[in-house]
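# Breakdown of the fold
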Amino acid sequence: RLRLLSEAPPRLLWLRGDLLRAARERLADGDTGLLPALALLRAQADSALTAGPFAVTVKRLLPPSRDPHDYASWGPYWWPDSTRPGGTPYVRRDGEVNPVLRRESDAPRLYALTDAVESLALAWYFTRDPRHPRLAALLLRSWFLDPASRMNRHLRYGQAIPGITEGRGTGIIDTRDLGRIADALTLLDGAPGWTAPDTAGLHTWFAEFLAWLTHSTHGAEEQEALNNHADWYDAQVAAIALFVADTPVARAALARLPERIAAQIDSAGRLPRELERTRSLHYSAFALEAFARSADLARHLGIDLWHWRAPGGGSIARALDFLAPYADPARPWPLEQVLTPPPDLLVPLLFRADAALSGRNYCDVLSSLPPALTRAHRARLLFAAGSACPREPRALALLRLRNVQD
C-alpha cells in the first residue's frame, strides 16, 4: 500500500492516470467492486498471449505502390456495381459492410493489434505479470519497428474505392486509436521485454506519422470534414502530438474543437450530421467518443472542453444527456439503425463522463442498466475511481473479499 502511494500516476493521454492509480489503490484496500472488471481484463490479456503477430506485410491484395509495407484498406460501405463490367466503379451502400473488402484490408489487423496491446499493457499495470509486456513488445515491434514487417509512416492508400480512388483522406480514421497505443507505451515503460531503444523507435515512428498527418493532402481533407471524421482527426493528431511532446500541434488541434462542437451538436444534444446516417445511433456515439477523448486530452493543456458550451447551446454534456437514455438496450432508438449496435455501446462513454462531469446523473444511468453490461466492463476499472457513485462500505468489501478468497 505504501509503495502504491509513493508511485506517481502514469501520464496517460486518452486514459486517466490518476484514476488508474486510484483503482489500483482501491483493489489493494480490498474494494471488491472492481474485481469482476479486473478478472475480465486478466482473461482478455491471457487470451491476447496467443494473438498475432500482426503486420501490414501479410496482406494478399497489395496497394498500387506494390509495397507490402504500405498500409492499405478499402471503404467499408462500397460494393460492386452489378450493372457494369467488372463491377467498377463501386457504388456506396451506407451502413452495409462489404465483407470481401474488409477481409483484404489492413484495418482489422490494426484494430486487433490495438486491442491486444492495450489489454496486455493494462494487465501489466494492474497485475505485474511479466508475460503480458513481453508479448506486447513483440506485437509492437512487428507492426512498427521490425524492418521486415513494419508499416510505412503514411496512409496514402487508406479506404480506397475500386474504380474511383486509390486512397483518400477518409482512410485516416482507420488509425484513430493510435492514442490507445500511445497510452499502452507509457504503461509499458520499463516493463520486462520493452527497452529504451524500443521506446525511441516508437517515438520516431509516431513523430514521422504525425508529420504526414499534418502536412499531407489527405490530412488536409480530413481536417476539413464536417462530421465525425474531423473529430477523430483532431483527437488522433492531438494525442500523437502530446505523445511526442509537440505541444503547439496538439494545442492547434484541440483549439478546433469548440467550433466543431458548435457546428455539430445542437441545443437539444443531437448530432444532426450523424443522425442522417443509416446507423444513426452508432455514429452519434462514435462522434461523441471523439469529443470525449479530446476533452480528456485537453486537460493536459489546461483547456476545459468538458464544460464548454456553444452560444447555441450545444455541448459534450448536452449530447451525452441526449444519448444516455438509450444506453438501456431495452429502450428503442427512434431513428434509423440498420445494424444492431453492441448492448454496451454507450457504457464506456458514460463511465468516462461520470468521472469528468459531476452532478449529471450518469452514475444513475449506469446503475440502472443490467449488471451484465457494467459489472465487469473494462471502463469500470478505468474510470470508476473518479465516480461520485456511492462506494461499497469498506467493512462489507473486506468481508466479501475474504469470502471470495475462502
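Look a little higher up for the structure.
Parameters at a glance
- Residues numbered from 1 in each chain as written.
- Predicted model: local features only at pLDDT ≥ 70, side-chain atom pairs only at ≥ 80, totals over all residues.
- Heavy atoms only, no water.
- Helix = DSSP H or I, 4+ residues; strand = E, 2+ residues; numbered from the N terminus.
- Buried < 20%, exposed > 50% of the residue type's maximum accessible area, 1.4 Å probe, protein only.
- Lys, Arg positive; Asp, Glu negative; His and termini not counted.
- Salt bridge = Lys/Arg side-chain N within 4 Å of Asp/Glu carboxyl O.
- Contact = heavy atoms within 4.5 Å.
- Arc of directions from axis to C-beta.
- Polar contact = N/O pair within 3.5 Å; in protein donor to acceptor, adjacent residues only side chain to side chain.
- Axes fitted to C-alpha atoms, helices over the stretch in contact; angles between N-to-C directions.
- Parallel < 35°, antiparallel > 145°, perpendicular 65-115°, else oblique.
- Left-handed = near helix turned anticlockwise from the far one by under 90°.

Okay, the side chain of aspartate 231 next. Within the fold, aspartate 231 resides in helix 10 (residues 228–243). At 4.5 Å, arginine 260 is the nearest oppositely charged side chain to aspartate 231, a buried residue that forms no salt bridge. Contact partners of aspartate 231, with chain neighbours within four places excluded, come to Arg260, Gln264, Ala287, Ala290 and Phe291.

Here we take up unusual backbone geometry. At the junction of glycine 52 and proline 53, the peptide bond is cis and its omega measures out at 0° in the coordinates. For proline 53, the location among the structural elements is in the loop between helix 3 (35–48) and strand 1 (72–74). Cis peptide bonds are those with omega within 30 degrees of zero, and the linkage from threonine 88 to proline 89 qualifies with -5°. Inspection of the secondary structure assignment puts proline 89 in the loop between strand 2 (78–79) and strand 3 (91–92).

Before going further, it helps to spend a moment on helix 12 (residues 257–264). For helix 12, every residue scored as buried is listed here: Leu257, Arg260, Ile261 and Gln264. Buried residues of helix 12, seen end-on, are gathered within an arc of 100° and therefore sit on one face of the element. Here the buried face of helix 12 lies against helix 9 (217–223), helix 10, helix 11 (247–255), helix 13 (272–275), helix 14 (280–298) and helix 15 (316–323).

Here the focus is the side chain of serine 216. Inspection of the secondary structure puts serine 216 in the loop between helix 8 (196–215) and helix 9. Engagement of the side chain of serine 216 in a polar contact is seen with the backbone oxygen of tryptophan 212, the distance being 2.8 Å.

So, on to the environment of serine 358. Residue position: serine 358 is located in the loop between helix 16 (347–356) and helix 17 (362–368). Look at serine 358 and you get exposed, because its relative accessible area is 65%. Sequence separation between serine 358 and glycine 386 is 28 residues, and the spatial gap between their C-alpha atoms is 9.5 Å.

Relative to each other, helix 2 (residues 17–28) and helix 5 (residues 107–127) sit at 45°, their axes nearing to 10 Å. Looking at the two axes, helix 2 sits oblique to helix 5. Between helix 2 and helix 5 lies a crossing of right-handed hand. On helix 5, the residues touching Leu20, Arg21, Ala23, Arg24 and Leu27 of helix 2 are Leu122, Tyr125 and Phe126.

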